[in-house]
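# Fold and contact review
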Amino acid sequence: MSDSLHAMLMSGGTGDPFDRHVLACAIASGFAPPDRLLTNTLALSLTDLRLLLETLFPHALGLLDVHPPWRGPQADEPEEPDLRALLYEGRTLGGDPTMARWLTRIITRRSLGAAHLWEDLGLSSRADLVRLMDRHFAPLAARNPGMRWKKFFYRSMCERDGVLLCKAPNCEVCEDYALCFVPDEAPHPATLPLTATPESPRV
Ligand code: SF4
C-alpha cells in the first residue's frame, strides 16, 4: 500500500473510522497509474468512485483529476459474478446497502490476486479482514469455520453448485488442511463438515 496516500485519505473526511480505513487501504493499494487504475482495482464505475470519494474522502476528490479517463468496466473474470452474488447475499442485513455493494465489488476483484486476501486488499492484518467481514458480511462470515477467506469463498461457491473437488472425504484427514485453515483459528476437526469441499489455488 502507499502509506502516504492512505495517510492523506485518512487526514480528512467523515464517516466510520474503520470503514474509512478499509477503503483507504483499498484505494492506496490499488492506485498506481498507468497500470493500476481505481476503476479496475476497485471494480467500480467512475460514478461510484466519485460517490465513494464524495461520501468518505471529499478532501481527496483531486485523485479523480489524476485518474486516467475511464474506458468502461474491466471485463469480469469467470468467477466474479458468482463471488459477488455470494458476498452480497451474505451481507449484513440492516447495513448500508451502498457500502455493501462497494465492498462486494472490491473484495471480489481483489480475491483474484495471488496473496492472502487481506494483503490483496492492502490491509495491515488478517484481523482487519475478519472485522470487515464480521461487520459487513456477518451471515456469510458466521459460516466460515476458520478457513482462509479465499478458500472459504471458493468452497462456498462450489457447495452452492454441488461441486465437490477436494482430495479427501473430510478436512480432518486432508493433506491440504494447513492450506485451507488458519492455524490459530482452526476449529476442532469434529466441527467440520464430513463432505468433501473444493480446493482452490488461492489462499
Ligand atoms: S476444504 Fe477440502 S481441501 Fe480444504 S482441508 Fe477440507 S477437504 Fe481439504
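Quick caveat: nothing in here was measured; it's all calculated off a predicted structure.

It is worth spelling out the packing of helix 2 (residues 17–29) against helix 4 (residues 46–56) at this point. Running from N to C, helix 2 and helix 4 cross one another at 135 degrees; their axes reach a closest spacing of 12 Å. Regarding the angle of helix 2 to helix 4, the classification is oblique. Relative to helix 4, the crossing made by helix 2 is left-handed. Taking contact as the criterion, the partners of R20, L23 and I27 in helix 2 are, on helix 4, L52, L53 and L56. Class assignment for the residues of the contact of helix 2 with helix 4 results in five nonpolar, no polar and one charged.

This part is about the nonpolar core. Counting 48 residues, the largest nonpolar core has I27, F57, I107, M133 and F153 as its most contacted members. Looking at this core, the element that brings in the most residues is helix 2, giving eight residues. If sequence neighbours within four positions are ignored, F153 has contacts with L83, L86, L87, I107, S111, L117, M133 and L140.

To continue, consider the confidence of the model for the chain. With 90% of its residues at a pLDDT of at least 70, the chain reaches an overall mean of 88. Within the chain, helix 7 (residues 97–110) carries the highest mean pLDDT (98), whereas helix 12 (residues 177–180) carries the lowest (90). Here residues 186–203 is modelled with pLDDT under 50, and outside its nearest four sequence neighbours on either side it reaches 51 contacts, counting other chains as well.

This part covers the pattern of salt bridges. A complete count under the given rule lists nine salt bridges for this structure. Here D19 and R135 are joined by a salt bridge, their closest N and O atoms 3.1 Å apart. Remark: R135 occurs in helix 9 (residues 126–136) and D19 occurs in helix 2; sequence separation between them is 116 residues. Residues D76 and R84 are paired through a salt bridge, measuring 2.7 Å at the closest nitrogen-oxygen approach. Among the residues examined, D76 registers a relative accessible area of 34% and is labelled partly exposed.

A complete count under the given rule lists four aromatic pairs for this structure. Measuring from ring centre to ring centre gives 6.2 Å for W149 and F153, while their planes differ by 50 degrees; the resulting arrangement is tilted. Pair noted here: W149 and F153 are both in helix 11 (residues 149–161), with a separation of four residues, about one helical turn. Side by side, W149 and F153 carry an identical accessibility label, which is buried. Here the aromatic rings of F152 and F153 are separated by 6.3 Å at their centres, their planes lie at 50 degrees, and the arrangement is tilted. Look at F153 and you get buried, because its relative accessible area is 0%. By the ring-pair criterion, three or more aromatic residues cluster together here, those being W149, F152 and F153. Lying over the aromatic face of Y88, R91 brings its terminal NZ or CZ to 3.9 Å of the ring centre. Above the plane of the ring of F18 lies R131, whose end atom (NZ or CZ) is 4.1 Å from the centre.

What counts and what doesn't
Residues numbered from 1 in each chain as written. Predicted model: local features only at pLDDT ≥ 70, side-chain atom pairs only at ≥ 80, totals over all residues. Heavy atoms only, no water. Axes fitted to C-alpha atoms, helices over the stretch in contact; angles between N-to-C directions. Helix = DSSP H or I, 4+ residues; strand = E, 2+ residues; numbered from the N terminus. Parallel < 35°, antiparallel > 145°, perpendicular 65-115°, else oblique. Left-handed = near helix turned anticlockwise from the far one by under 90°. Contact = heavy atoms within 4.5 Å. Nonpolar A, V, L, I, M, F, W, Y, C, P; charged D, E, K, R; others polar. Core = buried A, V, L, I, M, F, W, Y, C linked by side-chain atoms within 4.5 Å. Buried < 20%, exposed > 50% of the residue type's maximum accessible area, 1.4 Å probe, protein only. pLDDT = per-residue confidence, 0-100. Salt bridge = Lys/Arg side-chain N within 4 Å of Asp/Glu carboxyl O. Phe/Tyr/Trp six-rings, centres within 6.5 Å; stacked < 30°, edge-to-face > 60°. Lys NZ or Arg CZ within 6 Å of the ring centre and 35° of its normal.

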